[in-house]
Amino acid sequence: MVLLFLTGGGMRGGPLHHQLQGAPLVRAARSAPRYRFYSVGDRFPAMHEIGAGGASVFGEVYDVPLAVLRDHLLPAEPAELELGVVELADGTACLATVLRREFVGADRLVDISAVGDWRAYQAGQPGG
């Protein structure tokens, strides 16, 4: 089992939550304030570590079996994301899907770091 920090559709009530295959929610959490948070074409969120001057991102921590990560979660991730390690506000390290470096600066990225919460961002969009 590994701790996995989710910030998008895999969270409770999200369209991808079923991919967790029943993995238990450990807690809601915020990341350390060292990330930029993006909407990728308004399809999914992505975190990118910048260190100083970053923002805190809201998400949920799950205790996920490695087989679920391998067989269900990672194969469903879009090309823009990869598995990485993030730091939570309390210093805990968690796996998370993060923005691949080659996509930093892509035109379809909208910086939503000031919101820091995918659901709140979506709710503020037309039709959200």
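Quantities reported herein were computed from a predicted structural model and do not represent experimental measurements. (Residues numbered from 1 in each chain as written. Predicted model: local features only at pLDDT ≥ 70, side-chain atom pairs only at ≥ 80, totals over all residues. Heavy atoms only, no water.)

Draft legend 1. Quick look at the layout of surface pockets. Within this model, the largest pocket holds a volume of roughly 450 Å³. Around the largest pocket, the lining is made up of 24 residues, and of these Gly 8, Gly 9, Gly 10, Leu 16 and Phe 44 lie nearest the centre. Of all the elements in the fold, those that place two or more residues in the lining of the largest pocket are strand 1 (2-6), strand 4 (44-49) and helix 2 (118-123). With three residues, helix 2 is the largest single contributor of residues to the lining of the largest pocket. Across the lining of the largest pocket, the residue classes break down as 11 nonpolar, nine polar and four charged. (1 Å grid on protein atoms, 1.4 Å probe; cavity = no way out; pocket = protein on both sides within 12 Å on 5 of 7 lines; lining within 4 Å. Points joined across faces, edges and corners; volume = space filled by probe spheres on them. Helix = DSSP H or I, 4+ residues; strand = E, 2+ residues; numbered from the N terminus. Nonpolar A, V, L, I, M, F, W, Y, C, P; charged D, E, K, R; others polar.)

Draft legend 2. Just the nonpolar core, in detail. Counting residues in hydrophobic clusters, the biggest one holds 15 residues, and the most contacted among them are Phe 5, Phe 37, Met 47, Val 61, Val 86, Leu 88 and Cys 94. At the level of secondary structure, the elements contributing two or more residues to this core comprise strand 3 (35-40), strand 7 (93-99) and helix 2. With three residues, the top contributor of residues to this core is strand 7. If you look at the next biggest cluster of nonpolar residues, it comprises 12 residues, including Val 2, Leu 6, Phe 58 and Leu 73. (Core = buried A, V, L, I, M, F, W, Y, C linked by side-chain atoms within 4.5 Å. Buried < 20%, exposed > 50% of the residue type's maximum accessible area, 1.4 Å probe, protein only.)

Draft legend 3. Summary view of helix 1 (residues 66-73). Taken together, the buried positions of helix 1 are occupied by Val 68, Leu 69 and Leu 73. Axial view of helix 1: buried residues confined to an arc of 100 degrees, hence all on one face. Structural note: helix 1 exposes Leu 66 and Arg 70 on the side pointing more than 90 degrees away from its buried face. Contact partners of the buried residues in helix 1: strand 1, strand 5 (58-64), strand 6 (81-87) and strand 7. (Arc of directions from axis to C-beta. Contact = heavy atoms within 4.5 Å.)

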